[in-house]
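Residue-level structure breakdown
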Amino acid sequence: MARYAQVHGSVALITLTNPPVNALSAAVRHGITETVTRALRDPEVKSVVICGENGVFCGGADIREFAKPMGGPPLVPMIAAIEEGDKPVVAAIEGVALGGGLELALGCHYRIAHTKALVGLPEVTLGLLPAAGGTQRLPRLIGIAPALDLITTGRHVAAQQALKLGIVDQVTDQSTVDVAIQFAKQVVGQPLLPRKLSTQPTPCPPDVDILLEEAMTQVKRRARGAIAPVACVMAVRAAATLPYRAGMQKEQELMATLFRSSQAHALQYCFFAQRAVGRWKLSSGAHSGNSKPRPVSKAAVIGLGTMGRGITVALVKAGIAVVAVETSDKQLQMGKQIVSEMLKREAQKRNETPRLDLIRFTTSMLELKDSDLVIEAVFEDMPLKKQVFKELSSVCKADAFLCTNTSGLDVDELAAVTKTPELVVGMHFFAPAHVMKLLEVVCGSRSSPEAVATAMYLGKRLGKVSVAVGNCPGFVGNRMLRPYLEEANFLLEEGATPELVDGALEEFGFAMGVFRMSDLSGLDVGWRIRKESGLTGPDVDPSDPPRRRQGQRYSPLPDLVCEQGRLGQKNGRGWYLYDKPGGRVATPDPKIHQLLEEYRLKHGIRPRRVDRQEVVERCLFALINEGFRILDDGIAAGPEDIDMIYVFGYGWPRHRGGPMFYAGMVGLPKVLERLEHYWQAHPDVPHLEPSALLRRLVDSGSPPIDTWRDFLQRPHSQL
Ligand SMILES: CCCCCCC/C=C/C(=O)SCCNC(=O)CCNC(=O)[C@H](O)C(C)(C)COP(=O)(O)OP(=O)(O)OC[C@H]1O[C@@H](n2cnc3c(N)ncnc32)[C@H](O)[C@@H]1OP(=O)(O)O
């Protein structure tokens, strides 16, 4: 797992060989220990270069080994042996040096990086800290403030910036290994002690205590309950205040706590789940391995509302030419202006020129005739969408993919009005579409493997996490959202306030509670959908009691709020009061409290005390229960798909792994018991009835999440 060669007479070249990213598995650590010992002992060898095979230095510790008992040489003494040796060791960094990979490089005396290389300490994203000396060596090399930034965010740094920060000594666009070998020959005989970071003091500004305190406050605010960023600050504090050996001791202690934490397990699960969802599979047997995407060089977007504008920007950012279509000149000009401004802002952030030349704005559908793929993003209205799809089917070339950005309408119904239903697929983006990482790719019953592969691949090109889902109302994300929203409304009826419910969910880790999120999305969106489905407005069955619809409990509270002209953040009034229309500063509104009191009085509801635990259980267990139903219905392939949808599209805290992972962490018997309890108390709320899959899993002894697929009964899989 590490190859040894003697080159140019006196240089030992050690190559890590563990594709694809040369992770530091036990075998690799063993290989490094053995080859470094050999090099240090060989009198002919005067200096050493360490590099990685296939243009990748090292992606860090082997994350898969974290779940197993540790074997092989530990990293800390292995790296110490390199640093303590009396021969200069040069790290030749190509591709990436991440986590333990960068810590290995920091134990070397010099670092040469290729111009395209990336370095970083992303352990925090896995619920850990850089515990192979990273928290002690990096601050000694680059100072406290930049080290705090890198270690608490885990962000990757490009070679040129790494050079500026002092992480690497030289950047080259030539063969990095050749440059490193020459470099290694030149530095023979130069004093090594100043290059041994563990022997150096940490450069500290005079106000280091204030700096560390401010960093801690900021990190706690951003962490939303995640513990690893906080531990990272504590470890860097140790580098600032303690000698190296004591700092290392602190690093190890903090790591020991993190390593065992449920947050670390959740974050590591997310790492692999994010990659697993790319390997989609349909019940037809088609899968990512046997279905090729077709190239998309010209796309089109129909409708330049909020979603269409974001999708256009996302496509252009990925370098794809776009025809953007609106119905009237006025709408087109408005769309054009906003898209152009968005692109300019995006380009400014990246110090690039905005690629406005890639977009053709038009009101003519005829201009779509050479588009490879069209994304319809018109108003969420089935008759309108059908009309658009009919037209697309007649104007587009015969093999164009026709995609809909619907957030929950029937993709098959749209496909049925086209001449090529096999080329129709859902591409459900999340607002703002150029920012949010999630894409639900909705596979209709007639969508071809090629159409699915193309949409999934296009999502990847746009930098999205694409998840293949089946076709049902709301697909995965929005279908699970419904019980979550309904439980939140019921809790208001029973005695809670919006701020109590939101407080509990934000404490759980959501960026925004359910009512703040609804205000942000606009309350009229759901109101219109409820009117169209006859749940409110003139189409309500007059024989329905006020708080029941279609035989189930229904809360008209959100309708009442809308009837008062409170549409959310956009007009400055929703479940909260905002500083101004479009403003973000939400304050609790006494008028909402009054509305709730009057409502309870009118319906004879005696308010009771609702606590935070009930909020979390009612809202989240109802959502999770729907997730189990979705799995059994074959709308999502596995729990990882659901979890990635919630982490990337709905602000579920990543350190809790996603709803299905969270259910496993809480314990399936407990989730079942609480659902049974709430269902008994509210028998007219069907989404509280425990799902069959949850019962089967509990009956089978609550197996681990990676085996849940074996328990699915899917007579009618939609995938
Ligand atoms: C108590 C004892 C512990 C002491 C530990 C000391 C402290 C050190 C800790 C660490 O080093 S933790 C690991 C830190 N490193 C990372 O977080 C990097 C993770 N990897 C990536 O970010 C990316 O994979 C990449 C390296 C930038 C490459 O990206 P790319 O898009 O090219 O490929 P991927 O699809 O992401 O990966 C390909 C393949 O490789 C698997 N993989 C990647 N990194 C690791 C790893 N560090 N360990 C194990 N496996 C890794 C990845 O899962 C993919 O495989 P599949 O999942 O598709 O099978």
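Residues numbered from 1 in each chain as written. Predicted model: local features only at pLDDT ≥ 70, side-chain atom pairs only at ≥ 80, totals over all residues. Heavy atoms only, no water.

Thoughts on the overall build of the protein chain
- Secondary structure summary: the protein chain contains 27 helices and 21 strands in total.
- Radius of gyration (C-alpha) of the protein chain: 28 Å, near the 27 Å computed for a compact globule of 719 residues.
- Considering the protein chain as a whole, with its 719 residues, one finds that 56% of them fall into the buried category.
- The long-range share in the protein chain, meaning contacts at least 24 apart out of those at least 6 apart in sequence, stands at 72%.
- When the accessible area of the protein chain is evaluated, it comes to approximately 30,400 Å², of which 54% is carbon and sulfur surface.
- Across the protein chain, the 84 positively charged side chains and the 78 negatively charged ones have centroids separated by 3 Å. (Helix = DSSP H or I, 4+ residues; strand = E, 2+ residues; numbered from the N terminus. Rg over C-alpha atoms; globule rule 2.2 N^0.38 Å. Buried < 20%, exposed > 50% of the residue type's maximum accessible area, 1.4 Å probe, protein only. Contact = heavy atoms within 4.5 Å. Areas by Shrake-Rupley, 256 points an atom, 1.4 Å probe, with all protein chains shown as cover. Lys, Arg positive; Asp, Glu negative; His and termini not counted. Charge placed at Lys NZ, Arg CZ, Asp CG, Glu CD.)

Topic: the UniProt feature "domain: 3-hydroxyacyl-CoA dehydrogenase NAD binding" (unreviewed entry) in the protein chain
- Residues given the UniProt feature "domain: 3-hydroxyacyl-CoA dehydrogenase NAD binding" (unreviewed entry) here are residues 298-471.
- Overall, residues 298-471 shows 37% helix and 23% strand. The separation of its end C-alpha atoms is 26 Å. (UniProt positions renumbered as here; feature names shortened; annotations may be inferred.)

A closer look at the packing of helix α5 (residues 144-153) against helix α8 (residues 208-223)
- For the pair α5 and α8, interaxial distance at closest approach is 11 Å and the crossing angle is 20°. Relative to α8, the element α5 lies roughly parallel. Crossing of α5 against α8: the hand is right-handed. On α8, the residues touching I144, A145, L148 and T152 of α5 are V208, L211, L212, A215 and V219.
- Taken together, the residues of the contact of α5 with α8 break down into eight nonpolar, one polar and no charged. (Axes fitted to C-alpha atoms, helices over the stretch in contact; angles between N-to-C directions. Parallel < 35°, antiparallel > 145°, perpendicular 65-115°, else oblique. Left-handed = near helix turned anticlockwise from the far one by under 90°. Nonpolar A, V, L, I, M, F, W, Y, C, P; charged D, E, K, R; others polar.)

Digging into the domain arrangement of the protein chain
- Domains assigned within the protein chain are domain 1 (2-259), domain 2 (298-473), domain 3 (496-501 + 511-602) and domain 4 (612-711).
- In this structure, domain 2 and domain 3 have C-alpha centres spaced 31 Å apart. (Domains from an automatic or database assignment.)

Things to note about the site of the ligand
- Within the structure, the ligand sits among 25 residues, and G59, A61, G100, R275 and R279 are positioned closest to it.
- A61 places a polar main-chain atom, nitrogen or oxygen, 2.8 Å from an oxygen atom of the ligand.
- One nitrogen or oxygen atom from the main chain of G100 is found 2.7 Å from an oxygen atom belonging to the ligand.
- Burial of the ligand by the protein chains amounts to 73% of its free accessible area of 1,100 Å². (Near = heavy atom within 4 Å. Polar contact = N/O pair within 3.5 Å; in protein donor to acceptor, adjacent residues only side chain to side chain.)

Considering the sheet that holds strand β5 (residues 96-98)
- Overall, mixed pairing links the three strands, which are arranged β5-β7-β8 in an open sheet. Looking at the sheet topology across the chains shown, the edges are occupied by β5 and β8 (157-158).
- Two elements, strand β7 (residues 118-120) and β8, share two bridges in a ladder whose sense is antiparallel. For L118, the partnering residue across the bridge sits in β8 and is A158.
- Of the strands in this sheet, β5 and β7 are in contact with helix α3 (residues 100-107), which crosses β5 at around 95°. (Pairing = 2+ DSSP bridges.)

A closer look at the sheet that holds strand β16 (residues 438-443)
- Reading across from one edge, β12-β11-β10-β13-β14-β15-β16-β17 is the order of the eight strands in this open sheet, with mixed pairing throughout. Only two strands of the sheet have a single partner each, and these edge strands are β12 (359-362) and β17 (465-470). Neighbour-to-neighbour, the strand axes of the sheet open up by a mean angle of 25°, direction not taken into account.
- Looking at chain direction, strand β15 (residues 424-429) and β16 are connected through four bridges and run antiparallel. Paired with H428 across the two strands is E440, which belongs to β16.

Section: the nonpolar core
- Core analysis: the largest hydrophobic core is formed by 103 residues, its most contacted members being L368, V501 and F628.
- A total of eleven residues in this core trace back to one element, the largest contributor, which is helix α23 (residues 612-632).
- With residues near it in sequence (within four places) discarded, F628 still touches M660, A663, L668, S691, L693, L694, L697 and W708.
- In this structure, I14, L121, V233 and L258 belong to the second largest nonpolar core, which totals 70 residues. (Core = buried A, V, L, I, M, F, W, Y, C linked by side-chain atoms within 4.5 Å.)

Remarks on the UniProt feature "domain: 3-hydroxyacyl-CoA dehydrogenase C-terminal" (unreviewed entry) in the protein chain
- Per the UniProt record, "domain: 3-hydroxyacyl-CoA dehydrogenase C-terminal" (unreviewed entry) is found at residues 474-578 and 615-703.
- Split by type, residues 474-578 is 51% helix and 7% strand. Its first and last C-alpha atoms lie 29 Å apart.
- Counted over residues 615-703, helix gives 66% and strand 0%. Its end C-alpha atoms are 27 Å apart.

Observations concerning the environment of R584
- Among the structural elements, R584 can be located in the loop between β20 (576-578) and β21 (586-588).
- Separated by 14 residues in sequence, R584 and K570 place their C-alpha atoms 9.4 Å apart.
- Residues in contact with R584, not counting those within four places in the same chain, are Q569, Y578 and D579.

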